[in-house]
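# Fold and contact review
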Amino acid sequence: MAAGAAQPVKWFHGTVKAVPSGDTLVIMKKTESPDVIPPEKSITLSYLIAPRLARRGGIDEPFAWDSREYLRKLTIGKEVSFTVEYTVPTIGREFGLVFLGSQNVAALVLSHGWAKVREQGQQREVTPYVTELLKLEQQAKDQCLGKWTKTPGASEASIRKLPASAVGDPSNLVTANLIANNRKPMSMQGIVEQVRDGSTIRVLVAGVQSPSMGRRSAVENIVVPETNVDEPNGEIIAEPNLPLTSAQRLAASAASASDVAPDPFGREAKHFTETRVLSRDVRIVLEGVDKFGNLVGSVYYADGDTPKDLALELVENGLAKVVDWSASMMDDDAKSKLKAAELQAKKNRIRIWTNYVPPPSNSKAIHNQNFTGKVVEVVSGDCIIVADDSLPYGSPLAERRVNLSSIRCPKMGNPRRDEKPQAYAREAKELLRSRLIGRQVNVSMEYSRKVPMADGAVPSGDADSRTMDFGSVFLVSPSKPGEDDVSSAVPAADQPLGINVSELVVARGFGTVVKHRDFEERSNYYNALLTAENRAKNQKRGIHNTEKEPPADHNTDLTTASTKKAKDFLPFLQKVRRHAAVVEYVLSGHRFKLLIPGQTCSIAFSLSGVRCPGRNEPYSEEAIALMRRKILQRDVEIEVETVDRTGTFLGSLWESKKNVAFVLLEAGVAKISTFSIDRISEGHLLVQAEESAKQKKLKIWENYVEGQEVTNGGPAAQSRHSKEVLQVVVTEVLEGGKFYVQTVGDQLTKSIEEQLASLTLGEAPVIGTFNPKKGDMVLAQFTADNSWNRVMIVNVPSGGVVQSPEDLFEVFYLDYGNQERVPYSRLRPISSAALSAPGLAKLCSLAYLRVPSLSDDGGEDAALYLSERTLSSGRTFKAQVEERDTSGGVVKGQGTGPLLAVTLLDPEDDSSINEAMLQEGYARLEKFKRYDTKERRDAYQKLKEVEQDALKRRAGIWMYGDIGSDDDEYPPPSGKKTGGRR
């Protein structure tokens with residue numbers, strides 16, 4: 001057949017991009033690069049006329065739709081060869097031959113009866129090629145194929161009954177009714193007829209918006225004449241373009257000035273969409289309607305046997321961005337996929353995100369910090385404290401505060417600032433307490449974030465902010481089968497074993513998922529959290545139930561009430577022998593705050609018959625740590641005997657049917673109080689536990705000698721003439737009357753100084769070869785004088801991984817007692833020889849005195865006075881050791897070794913710094929202890945006279961009169977500070 005046709009001058013190859021009618025194809029050139037928009041041609045099959053589809057205000061010609069569909073299904077997306085035989089410039093159309101493989105497309109259309117041969121004019125010679133086409137047309141007629149069918153009514157039935165909106169007039173399309181009649185998203189099959197831009201194809205693609213294609217001048221519609229290509233003689237006649245009038249030229253000039261160029265990558269986005277869906281079968285899921293009546297939905301097309309989401313493809317390829325107004329119509333799963341794809345495109349800086357600059361973030365990823373441990377405390381619905389199993393039992397460093405990643409629960413409030421808990425805050429905390437306390441969990445730390453110290457403040461530096469660590473916590477197994485209804489109860493292959501606690505909280509409606517900004521670190525299980533939140537919203541659980549009032553709190557807090565009110569409650573607590581309670585706080589080793597649900601009250605409760613060391617006394621912290629591990633936030637039973645003058649209830653407490661007083665005595669961190677032991681039914685068991693600890697010389701009994709009175713820190717003080725006196729220089733002043741000293745003239749001091757001076761240190765180590773960890777001993781260069789000193793790492797950069805030479809480490813100088821933050825470049829490994837000697841800095845406190853801390857009134861003045869008298873003077877002092885705490889005193893993680901209670905004497909006049917602090921009103925005397933020796937009582941009485949004189953003069957802390965004295969054994973309950981979280 002092709003042999004009779006004129007030989008084409010040049011053949012082209014391309015892919016059919018669109019089929020606008022039964023005799024016209026849009027063919028684009030093949031290209032290797034996806035970022036290159038190839039040239040394209042609209043080719044009308046030579047010598048053929050297919051039935052015409054409806055235009056605005058018209059109807060289809062018979063069989064026009066069937067003709068177009070045959071050609072579309074035959075060629076769309078396929079490679080073809082074509083040549084241009086002739087063009088008609090007046091209408092801008094090109095006519096030619098198109099071959100699909102070895103088959104002539106025009107011949108195929110004719111042979112199936114979907115077009116006719118254009119009549120040749122008398123002046124034209126009929127070529128052999130046209131003759132061959134006429135034969136094919138006649139054969140189709142003879143066989144009644146296609147448009148030549150003789151079936152009655154077939155011609156009328158082939159004409160589509162289209163609404164005006166289908167042919168360019170959307171004014172009569174009531175889209176709201178289309179969606180309203182379908183509660184669920186409506187799915188339908190369709191063919192894409194037009195692509196306006198990357199995300200608009202007569203139906204908007206939900207959730208995304210591609211770059212605009214700009215706006216063309218309206219004058220184009222003025223100068224293009226109407227053209228008729230169906231003249232009976234086959235000629236294509238067009239009216240010639242008339243010259244523009246002055247008014248038209250003026251309009252054209254104004255219109256061209258208002259043209260809007262396409263957005264960057266606008267053409268690429270449109271080309272991307274056209275090559276995938278134009279003239280193709282797609283599935284459209286209608287999600288909603290915008291305020292202009294445009295349908296908004298998702299478009300799915302076939303890529304081989306795989307259906308693909310056009311919106312997701314556009315976003316993944318950086319050709320569209322997510323827009324909230326239409327994304328809100330989609331389900332949460334589809335919306336989260338779009339958000340994730342957009343974030344990845346931004347990270348890869350693809351196309352429209354090429355110059356994207358992420359907003360500043362205060363979060364930083366934490367890598368490879370997974371651990372297991374037991375939950376010690378639930379701070380709130382989104383914060384817990386876990387004791388790391390890899391660290392020694394009872395170590396302060398073992399307890400790690402973990403904030404749950406990517407969720408936010410109602411705040412618990414702050415009684416000291418009269419802030420009440422928000423709705424469902426107590427329920428969220430109680431959920432975690434009942435599920436987690438004392439249970440084994442897996443913790444995966446994920447990121448850290450700096451937050452301002454005060455709500456609403458903007459952090460201007462490290463001093464104004466604190467770092468919070470976030471992670472995902474997994475409960476190894478539920479207490480009862482099926483009690484935790486979360487989707488991740490069966491963990492994924494890449495998920496630690498157990499139930500995601502964050503997902504549990506969100507699914508119960510006690511928390512919300514944080515909407516993170518771009519590039520902000522988030523939970524590794526963020527999508528699961530979003531699914532749980534959506535499920536809670538649908539079920540109207542917890543905070544998502546706006547129709548139900550949140551539970552009210554009817555508990556009475558007797559710890560902040562008057563003593564009279566506490567005594568009024570005593571008969572109710574004694575009416576029943578034992579009460580179920582929950583330990584809310586551990587105030588000291590033997591004193592707690594309890595919640596009694598049955599009596600709807602909270603009380604201060606002290607164990608009857610036993611006493612633990614008071615605050616700042618040896619083994620006080622050990623007793624508190626033991627109780628935190630054993631009973632904090634546990635369900636216990638109590639028996640109330642009486643209430644003391646401060647409103648504290650006295651009695652016995654059992655956890656798992658075991659008397660807690662017995663546990664304290666057995667561990668050697670408590671002593672029997674003889675005046676109340678007779679009231680306890682299990683008194684004989686407590687005496688046996690104390691005797692056992694004495695025999696084993698545990699803790700406070702480590703220096704016990706039969707028949708000798710002991711103190712918590714060691715044996716009774718020696719006589720004055722045998723007291724140890726040291727020549728010292730003060731190297732650092734802390735708070736609360738504590739300071740570090742270094743002995744003068746000591747041979748060990750000289751040896752260490754010489755050893756450090758002889759060190760030859762090279763360049764800063766390469767990052768990765770030297771990784772100091774918390775608690776490691778290394779060398780650090782002091783900022784003030786660039787000298788190298790022995791230090792202990794106190795804190796490491798967030799995440800624990802060094803990323804820059806400027807990453808800051810907080811260090812403690814072992815030989816001086818001070819701390820500072822130094823960059824990684826000023827750290828070096830330490831040799832074993834330099835590490836063998838103990839630290840030279842000795843931690844001391846002023847004997848007999850209680851000095852206010854920095855956070856208390858007068859604390860800063862006291863620290864400043866002590867610093868001026870000792871540190872700033874640079875003089876040598878005599879330190880007379882009154883008491884030695886051998887338990888290993890530690891102040892805020894600084895240093896180790898004994899804590900020396902000393903009387904600091906000025907060698908010039910033998911005056912006492914201790915006495916001067918009392919005289920100036922910067923300190924007060926410690927509480928008199930019943931087991932003090934006669935010598936200590938005499939010293940106490942002498943200093944008492946100095947204190948009374950300062951009180952009369954209203955000096956320092958006495959300016960407002962007698963501030964009273966705290967009872968170490970019976971501290972009054974109040975809403976004031978109680979020592980951090982205890």
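Residue numbers here run from 1 along each chain, matching the order of that chain's written sequence. For a predicted model such as this one, the threshold for reporting local features is a pLDDT of at least 70, and the threshold for listing and counting side-chain atom pairs is 80 or more; totals across whole chains, interfaces and linings nevertheless cover every residue. Heavy atoms from the whole structure form the basis of all side-chain values; hydrogens and water molecules are not counted.

## Notes on the overall build of the protein
Filter applied, for reference: Elements are defined by DSSP. Helices are runs of H or I of four residues or more, strands are runs of E of two residues or more, and each kind is numbered from the N terminus. Working definition: with a 1.4 Å probe on protein chains only, accessible area under 20% of the residue-type maximum means buried, over 50% means exposed, and in between means partly exposed. A contact between two residues is defined here by any heavy atoms of the two lying within 4.5 Å. Shrake-Rupley sampling with a 1.4 Å probe provides the accessible areas, and residues are treated as covered by the protein chains on show and by no other component.
Counting its regular elements, the protein contains 23 helices and 50 strands. Taken across its 982 residues, the protein has 46% of its residues classed as buried. Pairs at least 24 residues apart make up 67% of the contacts formed inside the protein by residues separated by at least 6 positions. Per element, the accessible surface of the protein, about 50,400 Å² overall, is 51% carbon and sulfur.

## What about the environment of aspartate 263?
With respect to the helices, strands and loops of the structure, aspartate 263 is situated in the loop between α7 (246-257) and α8 (266-277). Spatially, the C-alpha atoms of aspartate 263 and proline 211 are 5.3 Å apart, while their sequence positions differ by 52 residues.

## Some words on the environment of glutamate 313
When you line up the elements, glutamate 313 lands in helix α9 (residues 310-316). Along the backbone, glutamate 313 and leucine 338 are 25 residues apart, and their C-alpha atoms lie at a distance of 9.3 Å. Setting aside chain neighbours within four positions, we find glutamate 313 in contact with Phe272, Tyr301 and Lys308.

## Topic: the packing of helix α17 (residues 660-667) against helix α18 (residues 683-696)
Threshold: Orientation is described by lines fitted to C-alpha atoms, with helices fitted over the stretch in contact, and by angles between N-to-C directions that extend from 0 to 180 degrees. Oblique is the label for any angle not under 35 degrees, not over 145, and not in the 65 to 115 range, which are roughly parallel, roughly antiparallel and roughly perpendicular in turn. Crossing handedness is defined as follows: a turn of the near helix away from the far one that is anticlockwise and smaller than a right angle gives a left-handed crossing, while the clockwise case is right-handed.
With their axes 7 Å apart at the nearest point, α17 and α18 run at an angle of 20° to one another. The pairing of α17 with α18 is recorded here as roughly parallel in orientation. Between α17 and α18 the crossing geometry is right-handed. Across from Ala661, Phe662, Leu665 and Glu666 in α17, the residues of α18 making contact are Leu685, Leu686, Ala689, Glu690 and Ala693.

## Overview of helix α19 (residues 747-757)
Selection rule: As used here, the arc belongs to the directions running from the helix axis to the C-beta atoms.
Turning to α19, its buried residues number three or more, namely Thr749, Ile752 and Leu756. The buried residues of α19 occupy an angular sector of 70° when the element is viewed end-on, so they sit on one face. Summarising the geometry of α19, the exposed residues directed more than 90 degrees from the buried face are Gln747, Glu754 and Ala757.

## Digging into the packing of helix α16 (residues 620-630) against α17
Look at α16 against α17: their axes get within 11 Å of each other, and the N-to-C directions meet at 140°. Of the possible angle classes, the one that applies to α16 and α17 is oblique. Once α16 is placed against α17, the crossing between them reads as right-handed. Contacts between α16 and α17 involve Ala623, Leu626, Met627 and Lys630 from the first element and Val660, Val663, Leu664 and Ala667 from the second.

## Observations regarding the confidence of the model for the protein
Stated formally: Confidence per residue, as judged by the predictor, is encoded in pLDDT with a range of 0 to 100.
Here the protein averages 79 in pLDDT, while 80% of its residues score no lower than 70. Of the regions scoring below 50 in pLDDT, residues 487-495 engages in 13 contacts with residues more than four places distant in sequence or in other chains. Scored below 50 in pLDDT, residues 709-721 shows 37 contacts in the model against residues more than four places distant or in partner chains.

## Concerning the side chain of serine 406
Here is the rule we go by: Polar contacts, as used here, are pairs of N or O atoms within 3.5 Å; protein pairs need one atom able to donate a hydrogen and one able to accept it. Residues neighboring in sequence count only if both atoms are side-chain atoms.
With respect to the secondary-structure elements, serine 406 resides in the loop between β21 (399-404) and β22 (407-408). A polar atom in the side chain of serine 406 sits 2.8 Å from the backbone nitrogen of serine 523. Beyond its immediate stretch of four places on either side in the chain, serine 406 contacts Tyr447, Thr512, Val513, Val514, His516, Arg522, Ser523, Tyr526 and Leu529.

## With respect to the nonpolar core
So the rule is basically this: Residue types Ala, Val, Leu, Ile, Met, Phe, Trp, Tyr and Cys, when buried and joined through side-chain atoms within 4.5 Å, form a set referred to as a nonpolar core.
In terms of nonpolar packing, the biggest core is built from 40 residues, with Phe592, Ile603, Phe605, Ile638, Phe649 and Leu653 touching the most fellow members. The residues touching isoleucine 638, leaving out its near neighbours within four places in the chain, are Arg577, Arg578, His579, Ala581, Leu594, Ile596, Ile603, Phe605, Ser652, Leu653 and Trp654. Val80, Phe82, Val98 and Leu110 belong to the second-largest nonpolar core, a separate cluster that totals 34 residues.

## Side note on the pairing of strand β48 (residues 899-906)
Inclusion rule: Between any two strands, pairing holds if DSSP finds at least two bridges.
Counting buried positions along β48 yields 8 of 8 residues, so the element is predominantly enclosed. By the alternation rule, side chains of β48 split into Leu899, Ala901, Thr903 and Leu905 and Leu900, Val902, Leu904 and Asp906, which are all buried. Here strand β45 (residues 842-846) pairs with β48 via 4 bridges, running parallel. Bridge pairing in β48 links cysteine 844 to leucine 900. As paired strands, strand β47 (residues 877-885) and β48 are joined by 7 bridges and run antiparallel to one another. Of the residues in β48, the one forming a bridge with glutamine 880 is threonine 903. Taking the residues between adjacent antiparallel strands as the criterion, β48 and strand β49 (residues 911-912) are bridged by 4 residues, where aspartate 910 takes a positive phi near 60°.

## Focus on the sheet that holds strand β44 (residues 827-828)
Strands sit in the order β43-β42-β41-β40-β44 across an open sheet of 5 strands; the sheet is antiparallel. Each edge of the open sheet carries a strand with a single partner, namely β43 (819-823) and β44. Summarising the sheet, strand β40 (residues 777-781) and strand β41 (residues 788-795) pair through 5 bridges and their orientation is antiparallel. Opposite leucine 779, over in β41, you have arginine 790 as the bridge partner.

## With respect to the packing of aromatic side chains
Aromatic ring pairs are defined here through the distance separating the ring centres and the angle between the ring planes. Threshold: In this analysis, rings of Phe, Tyr and Trp, with Trp reduced to its six-membered ring, are considered paired at centre separations within 6.5 Å, and the interplanar angle assigns stacked below 30 degrees, edge-to-face beyond 60, and tilted for intermediate values. The criterion for a charge sitting over a ring is simple: Lys NZ or Arg CZ within 6 Å of the ring centre, and within 35 degrees of the ring normal.
For the structure on display, the rule yields 16 aromatic pairs. Between phenylalanine 63 and tryptophan 114 the ring centres are 6.4 Å apart and the planes differ by 50°, which places this aromatic pair in the tilted class. Of the two residues, phenylalanine 63 sits in the loop between β4 (48-49) and α1 (64-75) while tryptophan 114 sits in the loop between α2 (105-111) and β8 (116-117), which places them 51 residues apart along the sequence. Here the two residues phenylalanine 63 and tryptophan 114 agree in accessibility, since each one is buried. The rings of Tyr47, Tyr86, Phe95 and Tyr129 are connected pair by pair, giving a single aromatic cluster. The cationic tip of arginine 276 hangs over the ring face of phenylalanine 272; the distance from NZ or CZ to the ring centre is 3.5 Å. Positioned above the aromatic ring of tryptophan 353, the side-chain terminus of lysine 346 is 4.9 Å from the ring centre.

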